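# Chain and residue survey
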Amino acid sequence: MDLATRILIVDDDPGIRNLMSSFLDKHGYHTDTACDPIEMRALLAQHRFDLIVLDVMMPREDGLTALRDLQRDDAPPVIMLSAVGTDVDRIVGLEMGADDYLAKPCNPRELLARIRTVLRRRGGKAAGQDGSEPASAEERRFSGWRMHMGVRTLHNPAGEHVPLSDSEFRLLRAFVEHPRRVLTRDQLLDYSGGADNEVYDRAIDVQVSRLRRKLGAGGGQDLIRTVRNEGYMFFPVVE
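### Re the sheet that holds strand β8 (residues 153-155)
Within the open sheet, the three strands sit side by side as β6-β7-β8. Their pairing is antiparallel. What marks the edges here is a single partner per strand, and that holds for β6 (139-142) and β8. Across the sheet, the mean angle from the axis of one strand to that of its neighbour is 15 degrees, orientation sign disregarded. When strand β7 (residues 145-148) meets β8, the two strands line up antiparallel, connected through three bridges. Looking at the pairing, R146 lines up with H155 of β8. Relative to β7, helix α6 (residues 166-177) is tilted by about 110 degrees, and along the sheet it contacts β6, β7 and β8.

Written as C-alpha cells, this is what we have:
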C-alpha cells in the first residue's frame, strides 16, 4: 500500500487517537499521534506531515493556541475537532487558519471525506499521494502502450489510438503512477479524483471492468490484477 501521505492526529483522548489512527491506516494513510501540542511540535521537528487533525480542548495547551504556530507558508493544512461545535467556535477556528472544522464526536467516514477534500484543495494529494502531477508533455510506457498525460491520449502496442472517457483516463493514470502496488478501492477513489462523484467504493469495480475491456482490445495481457480482499494491482513495469 502507498503510505506516502502522512497525517498527524493531536488529541488528549487516547481512545479517540487510536480510533482515528486505525481507521485512517486502513484507508491507506500513514498516521502518527500526539497527546498535546507539545508532543505535536516535537513530531513536526522530526517528520514532514501532509495534514494535521487537531483537537481544540486539551488540558496543557488548547488547539487554537497551537494553531497559531501552524500559520507559516510550509505548514500542513489543519482540520480542527471540537466538542464545542457552535457556529462561533467554528468561525473562530476557520478565521485563525484552520482548513476545516468538525464537531466531536464525528463519524470517521466524514473525517476521511474531509481529509480527502482538504488534501485535494491544498495540492492534489488525494488525487496522487506522492503530491506531484506529471508534466503536460510527459509520456508513460507500459507493455508497449503509450500514455500521454498532458494531451490525455492512449495508444496501444500497434500504435492505434484507444479512446478513454475522463473517468477511465483518471483511473488509468492512478494505476500508472502507482505500478506494482496493491491499491484499495478507497485509494483508487482518492487517486482518480472520483470521491466527489462516486459515493460507493464498489463503483471502482465497474470502472476497472470498463478499463480492462479497453486495454484488452489492444492485446493487453492481465495488466490490472485483482488482489482478493484487498483491491487491485497494475502489474506492468512503467517507464
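Next comes the rest of the description.
### Remarks on the pattern of salt bridges
Throughout the structure, instances matching the rule amount to 12 salt bridges. Note that R141 and E139 form a salt bridge whose closest N and O atoms lie 2.5 Å from each other. R185 is the partner of D205 in a salt bridge, and the nearest nitrogen-oxygen pair spans 2.8 Å. Of the two residues, D205 sits in helix α8 (residues 203-216) while R185 sits in helix α7 (residues 185-191), which places them 20 residues apart along the sequence. Salt bridges sharing common partners tie together D11, D55 and K104.

### With respect to the sheet that holds strand β3 (residues 51-55)
Judged by pairing direction, the sheet is parallel, and its five strands sit side by side in the order β2-β1-β3-β4-β5 without closing on themselves. On the outer flanks of this sheet lie β2 (30-34) and β5 (100-103), each paired with one strand and no other. Across the sheet, the axes of successive neighbouring strands diverge by a mean angle of 20 degrees, strand direction being ignored. Contacting β1 (6-10), β2, β3 and β4 (78-82), helix α1 (residues 14-26) runs over the sheet at an angle of about 170 degrees to β2.

### Quick look at unusual backbone geometry
Positive phi values are uncommon outside glycine, yet R180 reaches one of about 55 degrees. In this fold, R180 is placed in the loop between α6 and β9 (182-183).

Rules used throughout
- Residues numbered from 1 in each chain as written.
- Predicted model: local features only at pLDDT ≥ 70, side-chain atom pairs only at ≥ 80, totals over all residues.
- Heavy atoms only, no water.
- Pairing = 2+ DSSP bridges.
- Helix = DSSP H or I, 4+ residues; strand = E, 2+ residues; numbered from the N terminus.
- Axes fitted to C-alpha atoms, helices over the stretch in contact; angles between N-to-C directions.
- Contact = heavy atoms within 4.5 Å.
- Salt bridge = Lys/Arg side-chain N within 4 Å of Asp/Glu carboxyl O.

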